[in-house]
Amino acid sequence: MKSYVISENRDSFLGMQLAGIEGSYFKTKAEIEEAFKEALKDKDIGIIFLTEKASLMIEDLVLEAKKKYFSPLITVIPDRHGYQRSEGMIMQYIKESVGL
């Protein structure tokens, strides 16, 4: 299984490539949506990394895919500037599960 990154941020995309992760760098919602759909079809991809801004552009599609598919694992990552929301999604999930 391989990992794949979809990014709207060139620096984040290049950083992931330096780490050996293949991927796509796009600026428009349509391009990101198409790349995401193609990545879902590829049975060799085990993890899809989406930068937060790219994920927010296609949020409904991402949520639908997370509910529908067991594999690949879909993970939202911050770009080089960090998360855009007040806190990272992982911290939000932890707080919700603990009841804080």
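In case you missed it, the structure is sitting above this.
Rules and cut-offs
Residues numbered from 1 in each chain as written. Predicted model: local features only at pLDDT ≥ 70, side-chain atom pairs only at ≥ 80, totals over all residues. Heavy atoms only, no water. Pairing = 2+ DSSP bridges. Helix = DSSP H or I, 4+ residues; strand = E, 2+ residues; numbered from the N terminus. Axes fitted to C-alpha atoms, helices over the stretch in contact; angles between N-to-C directions. Contact = heavy atoms within 4.5 Å.

Draft legend 1. Here's a closer look at the sheet that holds strand E3 (residues 45-51). Here four strands make up an open sheet; going across it, the order is E2-E1-E3-E4 and the pairing parallel. Each having just a single partner strand, strand E2 (22-25) and strand E4 (73-77) make up the two edges of the open sheet. Taken pair by pair, the neighbouring strands of this sheet meet at an average axis angle of 20°, ignoring direction. One ladder, built from five bridges, connects strand E1 (residues 2-7) with E3; its direction is parallel. By the bridge assignment for E3, Ser3 is matched with Ile47. On top of the sheet, helix H2 (residues 29-41) reaches E1, E2, E3 and E4; it is set at about 165° to E3, its chief contact.

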